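Coordinates in review
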Amino acid sequence: MTTIIDGKAVAAEIRADLAASIETLADADVTPGLATVLMSDDGASETYVSMKQRACEEVGINGIHIEIDPEAPAEELYATIDDLNADPEVHGILVQLPVPDHVDKREVIRRIDPAKDVDGFHPENIGRLVAGDPLFKPCTPHGVQKLLEATDVDPEGKDVVIVGRSDIVGKPLANLLIQKTDGGNATVTVCHSRTADLAAKTKQADIVIAAVGVPELIDGSMLKEGVTVIDVGVNRVDADTEKGYKLVGDVEFESAKEKAAAITPVPGGVGPMTIAMLLYNTVKSASLDADVAVDLP
Ligand code: GUN
């Protein structure tokens, strides 16, 4: 029997634990605050940001949302970040990526105060992660790590193949899983668009994590029996539905399920975990800023 990993349920448990930490902070008159900034007309980005804001509201985090015209000068976004850095009620700042081409993405990431960088993308936070002393673990990689833990799949000593080398998922996830800590100690291979024989790599993996953004790239024929499959991909493909599209992962679910001991669905797998770990980082940031200890899940 294949376990279908229920990301919604695991995320709900984490949110419930965070609600308790938020009460502890409330006793000390502290309300965690998360600012989201959107400089895009992209429908998917709009959806993601509104989901993040709704999650804040549900758990008792003060959500602030700022929209900037995608045609506006880059300086408007930079000035907004400066204001949020200086605002004591804001503990986390998330600028939804991608930003328009005329905006320097690296400048955006560098400009956010590392102590409010709840995405964990600032070079200082990436450096700390690589050095084994993370302040904020990037949300999706941290969510993947939590999902493995909740499924009782310990990466220690396992062959993990990550498909995708993005700054947001592949690179930080590889670094998390090789750390000499609980939830790490894996042997990690990172594959990407120039990998010569992808199937040869994925077939030898105990854990395959797909984060490449190519609909259903990996199918059952590329997997070994008993593998754990974590599908980070969320791809819109044309379909005869009300919206005109449906969401599929980077893994062809039906054939992969035949091989896998455990597999995440899309949607309902990694997605809810990304949001839960964003809330986690915001609560952690508020707790550090106020010097009020909380139990984090
Ligand atoms: N765009 C896609 N994923 C993310 C994310 O995790 N954080 C931000 N800021 N933008 C994204």
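Residues numbered from 1 in each chain as written. Predicted model: local features only at pLDDT ≥ 70, side-chain atom pairs only at ≥ 80, totals over all residues. Heavy atoms only, no water.

Before going further, it helps to spend a moment on the site of the ligand. Taken together, the neighbourhood of the ligand is formed by Leu94, Val95, Gln96, Leu97, Asp119 and Phe121. Interatomic distance of 2.8 Å between a backbone N/O atom of Val95 and a nitrogen atom of the ligand. In this structure, a nitrogen atom belonging to the ligand sits 2.9 Å away from a main-chain N or O atom of Leu97. Considered on its own, the ligand offers 280 Å² of accessible surface; in the complex 82% of this is hidden by protein. Classifying every residue of the shell around the ligand by side-chain character gives four nonpolar, one polar and one charged. (Near = heavy atom within 4 Å. Polar contact = N/O pair within 3.5 Å; in protein donor to acceptor, adjacent residues only side chain to side chain. Areas by Shrake-Rupley, 256 points an atom, 1.4 Å probe, with all protein chains shown as cover. Nonpolar A, V, L, I, M, F, W, Y, C, P; charged D, E, K, R; others polar.)

Turning to the side chain of Ser45, a few remarks are in order. Residue position: Ser45 is located in helix α2 (residues 43–59). A residue is classified by how much of its surface remains accessible, and Ser45, at 3% relative accessible area, is buried. Aside from chain neighbours lying at most four places away, what touches Ser45 is Leu38, Ser40, Gln96, Leu97 and Pro98. (Helix = DSSP H or I, 4+ residues; strand = E, 2+ residues; numbered from the N terminus. Buried < 20%, exposed > 50% of the residue type's maximum accessible area, 1.4 Å probe, protein only. Contact = heavy atoms within 4.5 Å.)

All right, on to the sheet that holds strand β2 (residues 33–38) then. The parallel open sheet is built from three strands, whose spatial order is β3-β2-β4. For this open sheet the edge positions go to β3 (62–67) and β4 (92–95), each flanked by a neighbour on one side alone. Between one strand axis and the next, the sheet turns through 15° on average, direction left out of account. In the packing of helix α3 (residues 74–86) onto the sheet, contacts are made with β2, β3 and β4, and the angle to β4 comes to roughly 165°. (Pairing = 2+ DSSP bridges. Axes fitted to C-alpha atoms, helices over the stretch in contact; angles between N-to-C directions.)

Glancing now at empty space enclosed by the protein. Using the criterion set out here, one finds one cavity of 30 Å³ or more in the structure. Together, Val95, Leu97, Val108, Ile109, Ile112, Asp117, Asp119 and Phe121 line the largest cavity. Here the lining of the largest cavity is built from residues that sort into six nonpolar, no polar and two charged. (1 Å grid on protein atoms, 1.4 Å probe; cavity = no way out; pocket = protein on both sides within 12 Å on 5 of 7 lines; lining within 4 Å. Points joined across faces, edges and corners; volume = space filled by probe spheres on them.)

Attention now moves to the pairing of β3. Within a regular strand, side chains alternate between the sheet's two faces. Relative to β3, β2 is paired through six bridges, and the arrangement is parallel. Paired with Leu34 across the strands is Gly63, a residue of β3.

Turning next to the nonpolar core. Counting 45 residues, the largest nonpolar core has Ile61, Val144, Ile209, Ile230 and Val232 as the members making the most contacts within it. Among the elements of the structure, α1 (7–27), α2, α6 (139–150), β5 (159–163), α7 (170–178), β7 (207–210) and α10 (270–290) are those that each provide at least two residues to this core. Among the elements that make up this core, the one with the highest residue count is α10 (ten residues). Counting 20 residues, the second largest nonpolar core, distinct from the first, contains Ala72, Ile81, Val99 and Ile109. (Core = buried A, V, L, I, M, F, W, Y, C linked by side-chain atoms within 4.5 Å.)

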